[in-house]
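# Understanding the architecture of this molecule
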Amino acid sequence: MKQANQNLFAALRAGFPADLDTIAVETADAGTPALRYSWRDLDRATAMIANLLQSLDIPDGSRIAVQVEKSVEAMMLYLATLRAGYVFLPLNTAYRSAEIEYFIGNAEPAVVVCSPQNFGWVSQIAFTAGTKHVFTLGDDRSGSLLERAAHCSDRQVPALRRDDDLAAILYTSGTTGRSKGAMLSHGNMRSNAVMLKDYWGWRKGDVLIHALPIFHVHGLFVAIHAALLNGSKMIWLGKFDPRIVIDRMPEATVFMGVPTLYVRMLAEPALTREAARNMRLFIAGSAPLLLETFTEWQQRTGHTILERYGMSETIMLTSNPYAADARFGNQSERRGGTVGFPLPGVGLRVRGDDGADLSVGEIGGIQVKGPNVFSGYWRMPEKTAEEFTADGWFKTGDVGKVDERGYVTIVGRSKDLIISGGYNVYPAEIEGAINEMQGIAESALVGVPHPDFGEVGVAVVIARPGATVQPEAVIADLKSKLANFKIPKRCFVVAELPRNSMGKVQKNLLRDQYKTLFA
Ligand code: MCA
Ligand code: AMP
């Protein structure tokens, strides 16, 4: 019997509406005329780019690393990579050369696609690492990728892929050491997307406002997969702008954002019940949504934000219910401050430090299992083994509890991680960069509350004996090396760091000391 193609692209393509000439994506950026793409445009353009990739004669399993500004064509490049059967490796546009050098060196992509203005330095890194093909793609449809694809056929049969074939690698940092590439398969992504479409009640006529970056799970997978699977139009913002989002709400039904986006929209007087009257669902995640944001949103718009929780390694894990969830009683509703229930098919348990299963309400490490959970970190078998229990559960590094009704609440993290505006910042990486600077003896980076970004990094440093260190110089040096969202918002030079009896820096005391800095 012929094996059905389990390529994720084939599943997404099957969700396209029968009338391919209707609008699939409409851009909505300030100061630029709207571009409209039909479903046929998506189909044809992804076929052309997939044909270009396949014409390069690169081996099966080749990685396609992409660092480009957000555009509809950038989304098409993602879809074309799936379609051609290769492995997509998205990179945050904020990453600087040392960061890109690490990712390219580690992933050894066969193809790199970068912004036209970055071609000089990115291609140098890529060619040095052995990459054979470097293309450019601008957010204005410029660049060699589309020029070359224009000569390719607009017909293509999606490559035959099995559920466990690799579809994407997402780099995510660890508490120690360098970033690790989480390997996600076609099956991981498809199972999660199909389940979410149902759980969040996607229906005919839904329109999504897409305002997130497309180099992380939230904007690239959760938002795009759902809209495509449902044949839903996307109103597409290259860059989040609270006024544009509010302005377009009357034409839309679904919005997804990190908490910062909700905070920024609440600051706009135009956000009213009337503006949000056509909306069906507001979804938040990637970072904790403050209860005050949840409540204020309810008061201003009449809508209850649905908060969910996920990771690069697992895509979506838990969600507040869209409608009452029969598994948890008919009274289930969206509860602020919680991340809801384990999604259908996802196993979730809470374990103590000694590995013992904890009871209702007890706080411990969250472990998960399911068809959505990744297979491991790219070329890091030891790291992979460390993150899974002997009986196959993935240790999320998040600390939480489950109440008697089944709601999961995240109360903290065992991993030393700051989440700023929905982006992850690993203190170990920033401290490492600071410690390499001249005149620095030691440093500690802690996360403190921030009204806009939720949490931001503050650096506390000790100078070497006899050296003078200027906080501004530390920040300026970091800016020249690291992505902008990783830069501490403040730096303090102190005589000593608080330590416990073992000599370990007590970050909780530092967090406490600086917690009102941005209040
Ligand atoms: C920008 N800046 C930031 C951040 N973003 N600082 C701290 N944290 C940030 N997230 C700083 C820049 O360094 C710059 O500082 C200044 O703000 C303006 O930069 P700009 O790029 O113009 O900022 P923006 O456009 O206002 O961006 C804010 C943003 C953006 C829209 C909130 O950060 C964003 O799109 N965040 C969403 C991230 C996301 O999609 N995460 C999902 C990950 P200076 O002027 O000093 O240089 S997926 C995930 O976590 C899991 C799986 C999940 O559950 O979803
Ligand atoms: P990433 O490495 O970008 O995939 O980030 C995953 C991490 O984001 C998780 O391990 C959580 O710590 C955090 N996260 C995602 N969603 C939520 C949420 N709704 N509330 C709190 N933390 C979240």
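Higher on the page you've got the structure.
Here's what I pulled together on the structure shown here.

Rules and cut-offs
Residues numbered from 1 in each chain as written. Chains lettered and ligands numbered in written order. Predicted model: local features only at pLDDT ≥ 70, side-chain atom pairs only at ≥ 80, totals over all residues. Heavy atoms only, no water. 1 Å grid on protein atoms, 1.4 Å probe; cavity = no way out; pocket = protein on both sides within 12 Å on 5 of 7 lines; lining within 4 Å. Points joined across faces, edges and corners; volume = space filled by probe spheres on them. Helix = DSSP H or I, 4+ residues; strand = E, 2+ residues; numbered from the N terminus. Nonpolar A, V, L, I, M, F, W, Y, C, P; charged D, E, K, R; others polar. Near = heavy atom within 4 Å. Polar contact = N/O pair within 3.5 Å; in protein donor to acceptor, adjacent residues only side chain to side chain. Areas by Shrake-Rupley, 256 points an atom, 1.4 Å probe, with all protein chains shown as cover. Phe/Tyr/Trp six-rings, centres within 6.5 Å; stacked < 30°, edge-to-face > 60°. Buried < 20%, exposed > 50% of the residue type's maximum accessible area, 1.4 Å probe, protein only. Lys NZ or Arg CZ within 6 Å of the ring centre and 35° of its normal.

This part is about the layout of surface pockets. Of the pockets and cavities examined, the second largest pocket occupies roughly 460 Å³. Leu-290, His-450, Pro-451, Gly-454 and Glu-455 are, among the 23 residues lining the second largest pocket, the residues nearest its centre. Secondary-structure elements contributing two or more residues to the lining of the second largest pocket are α10 (259-266), α11 (291-301), β23 (440-450) and β24 (454-463). Residue composition of the lining of the second largest pocket, by class: 11 nonpolar, 7 polar and 5 charged.

Once that is clear, we can look at the site of ligand 2. The local shell around ligand 2 holds 17 residues, among which Arg-308, Ser-312, Asp-398, Lys-415 and Asn-424 are the closest. Residue Lys-415 places a side-chain N or O atom 2.6 Å away from an oxygen atom belonging to ligand 2. In the environment of ligand 2, an oxygen atom lies 2.6 Å from a nitrogen or oxygen atom belonging to the side chain of Asn-424. Burial of ligand 2 by the protein amounts to 91% of the accessible area it has alone, namely 500 Å². For the shell around ligand 2, the elements supplying multiple residues, two or more each, are β13 (306-311) and β20 (408-413). Sort the elements by how many residues they give to the shell around ligand 2 and β13 lands first, with 5 residues. Here the shell around ligand 2 is built from residues that sort into 7 nonpolar, 5 polar and 5 charged.

Moving on: the packing of aromatic side chains. Across all of its chains, the model carries 21 aromatic pairs by this definition. Plain terms: the ring middles of Tyr-78 and Phe-221 are 5.8 Å apart, the flat faces sit at 45 degrees to each other, and that makes the pair tilted. You can see Tyr-78 sitting in helix α3 (residues 72-84) and its partner Phe-221 sitting in helix α8 (residues 217-229), a full 143 residues away along the chain. A single burial state applies to Tyr-78 and to Phe-221, both of which are buried. A centroid spacing of 5.0 Å and a plane angle of 40 degrees characterise the contact between Tyr-95 and Phe-103, whose relative ring orientation is tilted. Judged by its relative accessible area of 5%, Phe-103 is buried. A network of ring pairs unites the aromatic residues Tyr-95, Tyr-102, Phe-103 and Tyr-171 as a single cluster. Lying over the aromatic face of Tyr-407, Arg-335 brings its terminal NZ or CZ to 4.5 Å of the ring centre.

Taken by themselves, the reported measurements are silent on function.
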